[in-house]
Structure formats: C-alpha cells, structure tokens
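# Coordinate analysis (summary)
Each chain, letter by letter, is given below.
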Amino acid sequence: MRYNLLIFNQYQVGEFSENALIDAINESNLATLCEQYGLDSRMIEPALWHLEVVKAPDALSPFFALVRYGDERKRPLIINRWDASEKSGKGILQEGLNHGLLPAVREHFWLTREIFALEFDPAQLKDMGLVFAYEVARWVAFQRRGIVRGLDGCWYRLNCHKAFVPLLAPGD
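Here the residue index of a chain counts from 1 through its sequence in written order. The model is predicted, so local features are restricted to residues of pLDDT at least 70 and side-chain atom pairs to those at 80 or more, both for listing and for counting; the totals for chains, interfaces and linings are taken over all residues. Just so you know, side-chain values use all the structure's heavy atoms and leave hydrogens and water out.

Further remarks concern the overall build of the chain. Each helix and strand in the chain was counted, giving six helices and eight strands. Note on conventions: DSSP H or I runs of at least 4 residues are helices, E runs of at least 2 residues are strands, and numbering of each starts at the N terminus. Reading the secondary structure of the chain in the N-to-C direction produces β-α-α-α-β-β-β-α-α-β-α-β-β-β. Taking 2.2 N^0.38 as the reference for a compact globule, 172 residues should give roughly 16 Å; the C-alpha atoms of the chain span a radius of gyration of 16 Å, in line with that estimate. Projecting the C-alpha coordinates of the chain onto the three principal axes gives extents of approximately 40 × 40 × 30 Å. With 172 residues in all, the chain has 44% of them scored as buried. With the model as given, the accessible surface of the chain reaches about 9600 Å², and the carbon-plus-sulfur share is 52%. With 19 positive and 22 negative side-chain charges, the chain shows a separation of 5 Å between the mean positions of the two kinds. All radius of gyration figures rest on C-alpha atoms, and the globule criterion is 2.2 Å times the number of residues raised to 0.38. Relative accessibility under 20% of the residue-type maximum defines a buried residue, over 50% an exposed one, and the middle range a partly exposed one, all with a 1.4 Å probe and only protein chains included. Surface accessibility in these figures is a Shrake-Rupley result with a 1.4 Å probe; residues are shielded only by whichever protein chains are displayed. Counting rule applied: Lys, Arg positive; Asp, Glu negative; His and chain ends not counted. Positions of charges follow a simple convention, taking NZ of Lys, CZ of Arg, CG of Asp or CD of Glu.

Structural data, given as structure tokens:
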C-alpha cells in the first residue's frame, strides 16, 4: 500500500533549488513535529545527516524529485508532479471534481495549475518520512498558493505563519 500527500497549486513551482527545500525542512522545529506525530525525536539527527533532495535527471523521469533521508537501502520520499493543463493533471482534477468537494476546494481546483503528490509507504509513517513529507508539502504549498489533502482526508490551506489550517464546510 502506498500513501499520497497531495498538493494543488495555483502557480507552477518550475525550477527549484534542492538547497532551498533542505533549508525549509531545517527551519522547522522537527522535535515539536515528532512529538505531534508521535515519533521518537532521536530519529531526527540520523535523518538530517542523510537528508538529500535529488531532482529528476530529465523530463522523461517517472518522478519529479526524491527526498533521501537514510542510507541507500531506505526508500526515499518520491515527489511526483503533474501540469494541470496536461492529460494526467486534468484527469486528477476531474476525478476530484467528481467527488463532491467542499466549495473552497472546488473553487481552488478551477485555479490549479500544478499538482504534486508525495508518495511513501506504511513504514515511512513511523519514521522521519512522515515529518519530511508534510514539510515538503508545506514548502510547495506556501511557495505557490496551494492547498493540501492530508493523509487524514482533510483539506488544508496555509496561513501567513505557514501553519496548516483546515478548510471547513460552510457552517462549520
């Protein structure tokens, strides 16, 4: 089973610096995040020691980038990207629009230009992969006015402090 954390951006990320993403992860209070996710904070240092972002070598690559945070045997986080104006991106948006989205999400889908998915497996829910996936999602969404569909199935936007804020149904 694979998990996907989805980000729907109003603007395209385009080129990015691997170091900018690593810096964004390092700016986070990882100990607090580990506590929130029920993870052992002793995993932080070894994960940061191995932390590396690897952009896809070319446009034909099956992924956009990888986030490595362990030795070569450890599965990295896989970052996938789709242009919302191309066939695969349009399909993802149409699938979402067919599933009775909240009005705020539906409105955002009409403005979406780029879609990201952070893919990871169940074992990564118990290590720094979970924390790093949400931090990558935070960075991507904040850069380009995105909304995030969390692993809990809820939709989130970021406030001016980069905190995840749930999008609620009218009357909530």
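Moving on: the environment of glutamate 52. Relative to the elements of secondary structure, glutamate 52 occurs in strand β2 (residues 52–55). Those residues in contact with glutamate 52, other than ones at most four positions away along the chain, are Ile22, Leu66, Val67 and Arg68. We call two residues in contact whenever any of their non-hydrogen atoms come within 4.5 Å of each other.

What follows covers helix α5 (residues 103–111). Considered for burial, the residues of α5 that qualify are Val105, His108 and Phe109. All buried residues of α5 lie within an arc of 105° about the axis, which places them on one face of the element. Exposed side chains of α5 directed beyond 90 degrees from the buried face belong to Glu107 and Trp110. Looking at the packing, one finds that the buried side of α5 touches β1 (3–9), α4 (87–97), β6 (146–149) and β7 (155–158). By construction, the arc corresponds to the directions joining the helix axis to the C-beta atoms.

Time to look at the confidence of the model for the chain. One number per residue, pLDDT, summarises how confident the predictor is, and it ranges from 0 to 100. Considering every residue of the chain, the mean pLDDT works out to 91; 97% of them sit at 70 or more. The least confident element of the chain, judged by mean pLDDT, is α4 at 89; the most confident is helix α3 (residues 44–50) at 97.

The next thing to look at is the pattern of salt bridges. We count a salt bridge whenever a side-chain nitrogen from Lys or Arg sits within 4 Å of a carboxyl oxygen from Asp or Glu. In total, this model carries eight salt bridges according to the counting rule given. Aspartate 71 is paired through a salt bridge with arginine 73; the nearest N and O atoms lie 2.6 Å apart. Taking relative accessible area as the criterion, arginine 73 reaches 69% and is therefore assigned exposed. One salt-bridge network, held together by shared partners, links Arg2, Arg75, Glu119 and Asp121.

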